[in-house]
Amino acid sequence: REARKTQQLAHANVVTVYDFDRDDDRVFMTMELLDGEPLSRLDRLEQRLGKAFDRSDWVRQFAEGLAYAHSQGVVHCDLKPDNVFVTSSGRVKVLDFGIARLTQEAQQLDRYDAGRLGALTRRFASIEMLVGNTEPHPADDVFALGLIGWWLFTGEHAFGGVPADEALARSLTPSGTAKDWRERERRALLRPCASRVRIARMTPVSSWRCFR
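These lines cover the structure that appears in this document, whether it is placed above or below.

### Focus on empty space enclosed by the protein
Throughout the structure, instances matching the rule amount to one cavity of 30 Å³ or more. The volume enclosed by the largest cavity comes to roughly 40 Å³. Lining the largest cavity are Cys77, Asp78, Leu79, Leu120, Thr121, Phe124, Ala125, Met129, Asp140, Asp141 and Ala144. Ranked by residue count, the leading element in the lining of the largest cavity is helix α5 (residues 138-154), at three residues.

In structure tokens, the structure reads:
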């Protein structure tokens, strides 16, 4: 079921899944071959290629991939730098929809909800995901997008790696600065980071145009 969810996401900024099959007791997924590094190793990629990439372009591509997934009723639910890949040509690919959850509008097509297994990365998860008593919403991914974008520009997690529920309880505000972002980009990233919860019910493709 999870492979089928990913197979329906045909977008330049989402990894392509070609097949899912079984060989005796071995279950496997066939995906496109990518040459590059995940965002968590972006320094290694830039050192290997001898050039610096445009962070704004990466955020834009990331947002467009998510916007497409959301338009298909799929919320990723476990976004983090390890799950966002950058190819040697600078193309961003969102990976690992393994615990992706269907939004409420699409759940009638797939009753099994792998997201309820509780596999998520706490420091990039929204408060609603940490509590686990609400339906998935694209805003959960937008929150993670804001945190990852903030980290891309500043090199720091907006709350020092503290999960959203603890950040809210401690009244933490996003910290870290970057010399190469425009003020409108900083404000766009600040909005989902600072909200921590589903105040920012925005669609990435329309709300992140400043990164174009």
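### Topic: the side chain of glutamate 32
Residue position: glutamate 32 is located in the loop between β2 (26-31) and β3 (36-38). Using a relative accessible area of 19% as the deciding quantity, one classes glutamate 32 as buried. There is a polar contact of 2.8 Å between the side chain of glutamate 32 and the backbone nitrogen of threonine 16. Here lysine 93 takes part through its side chain, which lies 3.1 Å from a polar atom of the side chain of glutamate 32.

Definitions and limits used
- Counting of residues starts from 1 at the beginning of each chain's written sequence and follows it residue by residue.
- The predicted nature of this model means local features are confined to residues of pLDDT at least 70 and side-chain atom pairs, given and counted, to a pLDDT of 80 or more, with totals for whole chains, interfaces and linings taken over all residues.
- Hydrogens are left out, water is left out, and the side-chain values use all remaining heavy atoms of the structure.
- Site definitions follow a grid-based scheme: protein atoms alone, a 1 Å grid, a 1.4 Å probe that fits but cannot get out for cavities, and for pockets an open set with protein on both sides within 12 Å along at least five of seven lines, plus lining residues having an atom within 4 Å of a point.
- Grid points are joined across faces, edges and corners, and a volume is the space filled by probe spheres set on the points.
- Helical segments are the DSSP runs of H or I of at least four residues, strand segments are the runs of E of at least two, and each set is numbered from the N terminus.
- A simple rule labels every residue: compare its accessible area, found with a 1.4 Å probe on the protein chains alone, to the largest value its type can have, and call it buried under 20%, exposed over 50%, or partly exposed in between.
- Whenever two N or O atoms come within 3.5 Å, that pair is a polar contact, provided that in protein one can donate a hydrogen and the other can accept it, and provided that, for residues adjacent in sequence, both atoms are side-chain atoms.

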